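# A structural walkthrough
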Amino acid sequence: MSVQIKKPILLILSGALICGSAAGQVGSPPPPGEAPSCYPLRMEDSSAIYFTPDRFGIRADGTMDVSDALQRAVNLVKSTDNFGILFIPDGKYLISKTIFIPTAVRLIGYGKKRPLIILADHSPKYQTADSTDKGRAHYMLWFTSDTARAGEPVHDAGASTFYSALSNVNLKIGDGNPDAVALRTHFAQHSFIAHSDIMIGSGKAGIFDVGNEMEGVRFFGGDYGIYTTKTSPGWPFMMLDTYFEGQRKAAIRTQEAGLTIVRMWVRNDPEVIRIDAGFWEKLFMQDCRFENISGPALTISNEGNANTQISIRNVYCRNTPELASYRISGRILRGPGPMYRVKELIDGTQMDSLEADPEYRTRFDVQPIKSFPPPFNSDIPQLPPMETWVNLKSLGARGDGHTDDTRAIQAAVEKYPAIYVPQGWYRISKPIRLKPNTALIGLSPIATQFRLAENAEAFGGFGGPRPMLVAPRGGKNILSGIGLSTGASNPRAVACKWMAGRGSYLNDVKFIGGHGNMYKPQRGHKKGNRSIYGNEERRLWDTQYWSLWITDGGGGVFKNIWTANTFATSGVYISNTSTVGHIYGLSVEHHVRNEIRFNHVSNWTVDALQLEEESRESSECQPMELEQCSHMEFANLYMFRVIRINRPYPYSIRNWGSTDIEFLNVHNYSQIKYTTDNPFYDINSGKEVRPWEFTRLYIGPNPTQTPIPDSSPGKVQLLATGFEFAEGICKDSKGNIYFCDSRKKRIYKWSPEKRSMSLLADYPWEPLSLACDKQDHLLVVFKYTPKPGYLRHGKAEIFTNPPDAAGTSFSGWGNSGFATWVYSIDPHNPDETIRLLDTVPMGSINPIYKVLYPANRWRDFHDFNAITVARPKECFVAPDGRTIIPVVYDLARAAALAGGVPGKPLYISDEYNKRTVALSVDSRGYVTHLKYFAENGEFSSVPDRQGRVYIADGEVWIYSPAGKLIGLIHTPERPSTLVIAGTTGQVLFITGRKSLFATSIPAKE
């Protein structure tokens, strides 16, 4: 059946769309080749190639050898657009030789039944092993890195082979082909095999060398269903809803593939997983079924080695006497009866808490059962019935990369719940807001993209995060097979803000930018998959918000996602949600400061998460942050630093107060000596986890808290460490302490109530100094650099140094052309409350609550005295309406702000002359009567309630109210900024270069 969609009409088809997988069936699965078609109708796509008889002169009845025609069709997709889709209609297609499928070409079947590709009986070459081939086999379909050419070597798919796929196509190996393998799939991100029955018969295997992801694939017969070595980039392999039956040797034979398996059903096999001798495997299995397994279900090698990591949970077995056999020791784990449930098998290096020493051991919890349960239901949401799909281009969208398609897309969303998005690059200029039931369905995230133009006005300038695509709170949205590109110069952009709920689904989505880019063969485009690292592009790294932001109760299933946009602050940010979420196969790479953050997240499982740091952009990147999270599980977590990195980094995961977190199968590694020093660091207890390779780590419900500061005056206590250059310290009315790490663009909070540290904000704006107003809004002085080409109301943003920049050499040598502004946030909801402060004439607010001046000024032209008492013309006004920050150039360099209150002295550091001065503050915030106070001074000083003044200058110097030196506090690190807090105002908090310290101060001299 073929239905052309040329106008906005609904497709008519009896029955619903069902993408069949064995795990979703009750009772016996459908016979081989009879699983239902995912796409019973033809999808109209003017950019696609259709393998039809009229186009290629073939018969689709299984009697004509179509090998050459099929190869010609595949090559045509590649040569036409460099990437795209070959649609194969329902039919039988006979081949007799290998079909080579180059990078970013997808074969997708459609029709009432899935199309079937058959290797002809006794095809030439398939009767003998190929001794020169890695798999010693011949292949029906071979995914390659480039177009194969006659007489030239075949280049296997590798770590840079992206976006390749086979979906909704069945394969069959005919008789007399003992060395045939149906598929060779050594590809990388956004490549997959899905919804395919592979009938191997007397052939060798269904697949040799797995890559990236697989869903809904069934294997019948063969020596092996899958025979695999390590994936080409070394990442874990994600398998969902698979079925194996009747293999002669084992369902899977493996060498270090990182098998991450959910809902696997194996019947009538001698073995389930055979790990080759001398190789380790990081095997995770959840919700699986083994039936009639004559030999050991699992054959485990390299026991006792930290690289061998076996984590199995909730597996039901019937007629499977031996669950596991160990090659070295000969040990066998047996089932307790004819039917049993493996609640847990955890084998390898384990730590039950942060305090526990690593120990290699086996946890085996197995229970006999009286009846065998039905197969597991898949949690992967099904696409809407195909008869409800409407073609976006038929509704007026162009997808040509130039036309603004915003209106057409939003209008389609308002009217239709299921929208098919054909291949094309759709430019948008404003956020697209989905309805609660909207499904956007594409079939290739490189060929089908929603894109921002550079310097899009709605996503530029300063402001809070603004998403391209918004999935509403509680929705059951689907976004599949579409790439999202925020460009390089759109600083407010978030590619996707996801608040949809438990039944929602985000699948096969690429967050474009930085790495993995591909272009059509058109003049003027960059070539290849990587960015060109020019100076202009480097300057735009880390200038946008997060790519994928899941927040405000967002949840659902997130599968086969790749986010490697170097321009974004981080690839994924998940915050403020307890809705159940499942991640299956997530690759986050190449960000400058953070790869992935979890902030107040609970009830999530994360399977096959891979993090990678590249040398030029992410040598100093923090791979993962866990902040106040609970009830989470990570399985097969791979954290990698590339061979080009030439500097060390301390921690892969930083934890801030999270509880009930379990890590299963952790691989922290690099080919070079600069592997991240420690895979896990708990900020508030100071505990490190040292093993690079371990099977299990559990973070319990009662994490160690930072002790209360010692009451002994002068005794300095470490509260937290691991920062680059901590500064900008301030306090609120409740005694919470805030400080920033400017180059890292992070703002931290220390809570006296919880005695714990947290990462409050991590935005693409560089914070310089902090303060709080009377209502405890946090005020952030920050550096705003305009983006080249950005227009606001048709005019370019231009900033020049103000007149008071004269007098300091800091105003030269690149420290110009930017603005120093102030924004505020509510610390209880920082991500949603970012607000740029307005300016008013200085003196117009009378009386003020507080005035905030730079705590230090560097005036190397010796005009400090004059410039400090100069009367500013404008001031920023905090949300309380009474706290002001005068507009002065020295805010651009100040390490902290000094708060002045009318009637009390204000202390400012003359940094260049190493001196602290005292000033008077009037009711409008002006300062007068400058007096030399102490011949020490650097970044910060602070008075206590008794009038004593604490001055940071190498150590902390204590002066009496009259300016007499009365004491000295030795600090473990050079102090940067100071604040006094605590319920009685007797705790001095100190930011050192890398740490936060506290010390008690006496109530009286």
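If you're wondering where the values come from, they're calculated on a predicted model, not measured in any experiment.

### Let's talk about the overall build of the chain
Looking only at helices and strands, the chain has six helices and 78 strands in total. Its C-alpha atoms give the chain a radius of gyration of 31 Å, near enough to 30 Å, the size a compact globule of 1005 residues would have. Expressed as lengths along the three principal axes of its C-alpha atoms, the size of the chain is roughly 100 × 65 × 50 Å. Of all 1005 residues assigned to the chain, the portion counted as buried reaches 65%. Intrachain contacts of the chain at a sequence separation of at least 6 include 69% that bridge at least 24 residues. Accessible area of the chain: about 34,500 Å², with a carbon and sulfur share of 51%. Charged side chains in the chain number 110 positive and 101 negative. The centres of these two groups are separated by 3 Å.

### Focus on the sheet that holds strand β56 (residues 756–762)
Pairing is antiparallel across the open sheet formed by four strands, whose spatial order is β53-β54-β55-β56. The open sheet is flanked by β53 (726–731) and β56, the only strands paired with a single partner. On average, each strand axis in the sheet is tilted by 25° relative to the strand beside it, whichever way the strands run. Across four bridges, β53 lies against strand β54 (residues 737–741) in antiparallel orientation. Across the sheet, A726 pairs through a bridge with D741, a residue of β54.

### Quick word on the side chain of E693
Within the secondary structure, E693 is located in strand β51 (residues 693–699). E693 gets classed as buried once you look at its relative accessible area, which sits at 12%. Of note is the side chain of E693, whose polar atom sits 2.9 Å from the side chain of K282. A polar contact of 2.6 Å, which involves the side chain of E693, links it to the side chain of H667. In this view, E693 contacts K282, A306, N307, Q309, T349, V666, H667, N668 and Y669; residues no more than four positions away in its chain are not counted.

### Remarks on the environment of K92
Mapped onto the secondary structure, K92 falls in strand β4 (residues 92–95). On the basis of relative accessibility, which here comes to 45%, the residue K92 falls in the partly exposed class. Taking the C-alpha atoms as reference, K92 lies 30 Å from I482; in sequence the two are 390 residues apart. For K92, the contacting residues outside a window of four places in its chain are R59, A60, D61, G62, L116 and I118.

### Describing the sheet that holds strand β65 (residues 856–857)
Read from one edge of the open sheet, four strands run β65-β69-β70-β71, paired in mixed fashion. Two strands bound the open sheet, and with one partner strand each, they are β65 and β71 (927–934).

### Overview of the nonpolar core
Ranked by internal contacts, the top residues of the largest apolar core, which has 74 residues, are F51, L141, M264, I273, M285 and F290. If we skip the residues at most four places from it in the chain, M285 touches I261, M264, V272, I273, F290, L298, S311, I312 and R313. Residues M351, I428, V509 and F694 belong to the second largest nonpolar core, which totals 68 residues.

### With respect to the pattern of salt bridges
Following the criterion strictly, the structure yields 57 salt bridges and no others. Residue D241 is joined to R263 by a salt bridge in which the shortest nitrogen-to-oxygen separation is 2.5 Å. With a gap of 22 residues between them, D241 in strand β16 (residues 237–245) and R263 in strand β18 (residues 259–269) connect regions that are remote in the sequence. Since its relative accessible area comes to 5%, R263 is described here as buried.

### What to know about the confidence of the model for the chain
Reading predicted coordinates in detail is not appropriate for stretches of low pLDDT. Per-residue confidence for the chain gives a mean pLDDT of 93, with 94% of residues at or over 70. Low pLDDT, under 50, characterises residues 20–26; the predicted model gives this stretch 25 contacts beyond four residues in sequence or across chains. Contacts for the low-pLDDT stretch residues 524–528, under 50 throughout, to residues beyond four places or in other chains number seven contacts.

### Structural notes on helix α3 (residues 406–415)
Among the residues making up α3, those that are buried are T406, A408, I409, Q410, A412 and V413. Residues of α3 that are buried sit in contact with β28 (400–404), β29 (418–420), β30 (424–428), β31 (432–433) and β33 (448–452).

### Points about the packing of aromatic side chains
This model, assessed by the stated rule, comprises 60 aromatic pairs. The interplanar angle of 90° and the centroid separation of 6.2 Å between the aromatic rings of Y638 and Y669 together place this pair among those described as edge-to-face. Taken together, the residues span a long stretch of sequence, with Y638 in strand β46 (residues 630–641) and Y669 in strand β48 (residues 659–670) at a distance of 31 residues. Both residues of the pair, Y638 and Y669, count as buried. Members of the aromatic cluster, each reached through a chain of ring pairs, are F462, Y545, W546, W549, Y573, Y763, W765, F782, Y784, F799, W821 and Y823. The aromatic ring of W425 is capped on one face by R451, whose charged end is 4.3 Å from the ring centroid. Over the aromatic face of Y926 sits the side chain of R871, whose NZ or CZ is 3.8 Å from the ring centroid.

### What about the environment of T808?
Inspection of the secondary structure assignment puts T808 in the loop between β60 (795–796) and β61 (819–825). According to the relative accessible area criterion, T808 is buried, its value standing at 2%. Not counting residues within four places of it along the chain, the set of residues in contact with T808 comprises W858, R859, D860, F861, Y889 and D890. For T808, the side chain forms a polar contact with the main-chain oxygen of W858, separated by 2.8 Å.

### Digging into the pairing of strand β70 (residues 915–921)
Burial of β70 is extensive: six of the seven residues sit out of reach of the surface. Counted along the chain from strand β69 (residues 906–910) to the antiparallel partner β70, the turn is four residues long, and its residue K914 has a positive phi close to 55°. Bridge count between β70 and β71: five bridges; the pairing is antiparallel. Within β71, the position partnered with T916 by the bridge is A934.

### What to know about unusual backbone geometry
The residue after N846, namely P847, is reached through a cis peptide bond having omega 5°. Secondary-structure assignment places P847 in the loop between β63 (839–841) and β64 (850–854). Of note in the backbone geometry, H195 takes a positive phi value of approximately 50° without being a glycine. Considering the arrangement of structural elements, one finds H195 in strand β12 (residues 192–201). Positive phi outside glycine occurs at N319, with the angle close to 50°. Assignment of secondary structure puts N319 in the loop between β22 (309–318) and β23 (322–326).

### Some details on the side chain of H186
In this structure, H186 sits in the loop between β11 (180–184) and β12. Classification of H186 by relative accessible area gives buried; the value is 7%. The contacts of H186, once residues within four sequence positions are left out, are K134, D156, A157, G158, D209, V210, T229, K230, T231 and S232.

### So, helix α2 (residues 67–81)
Working note: α-helix, 3.6 residues per turn, so residues spaced by three or four point in the same direction. With 15 residues, α2 should cover 21 Å at 1.5 Å per step; its first-to-last C-alpha distance of 22 Å lies within 8% of that length. For α2, the full list of buried residues reads S67, A69, L70, Q71, A73, V74, V77, K78 and D81. Where α2 ends, the next residue or the one after it, N82, has phi of about 80°, a positive value.

### Examining the pairing of β61
Among the seven residues of β61, seven are classified as buried, and the element is accordingly described as predominantly covered. Side chains of β61 alternate between two faces, with A819, W821, Y823 and I825 and T820, V822 and S824 buried alike.

### Structural notes on the state of the cysteines
Using the criterion set out here, one finds zero disulfides in the structure. C317 provides the cysteine sulfur closest to C288, a residue in no disulfide bond, and the two sulfurs are 9.4 Å apart. Classification of C288 as buried rests on a relative accessible area of 0%.

### A short note on the environment of V557
Mapping V557 onto the fold places it in strand β41 (residues 556–563). You can call V557 buried: its relative accessible area is 3%. Sequence spacing of V557 and S480 is 77 residues, and the spatial spacing of their C-alpha atoms is 11 Å. Setting aside residues no more than four positions away along its own chain, V557 makes contact with D379, I380, P381, S504, Y505, L506, H582 and Y584.

How each quantity is defined
- Residues numbered from 1 in each chain as written.
- Predicted model: local features only at pLDDT ≥ 70, side-chain atom pairs only at ≥ 80, totals over all residues.
- Heavy atoms only, no water.
- Helix = DSSP H or I, 4+ residues; strand = E, 2+ residues; numbered from the N terminus.
- Rg over C-alpha atoms; globule rule 2.2 N^0.38 Å.
- Buried < 20%, exposed > 50% of the residue type's maximum accessible area, 1.4 Å probe, protein only.
- Contact = heavy atoms within 4.5 Å.
- Areas by Shrake-Rupley, 256 points an atom, 1.4 Å probe, with all protein chains shown as cover.
- Lys, Arg positive; Asp, Glu negative; His and termini not counted.
- Charge placed at Lys NZ, Arg CZ, Asp CG, Glu CD.
- Pairing = 2+ DSSP bridges.
- Axes fitted to C-alpha atoms, helices over the stretch in contact; angles between N-to-C directions.
- Polar contact = N/O pair within 3.5 Å; in protein donor to acceptor, adjacent residues only side chain to side chain.
- Core = buried A, V, L, I, M, F, W, Y, C linked by side-chain atoms within 4.5 Å.
- Salt bridge = Lys/Arg side-chain N within 4 Å of Asp/Glu carboxyl O.
- pLDDT = per-residue confidence, 0-100.
- Phe/Tyr/Trp six-rings, centres within 6.5 Å; stacked < 30°, edge-to-face > 60°.
- Lys NZ or Arg CZ within 6 Å of the ring centre and 35° of its normal.
- Expected span 1.5 Å × (residues − 1).
- Disulfide = S-S within 2.5 Å.

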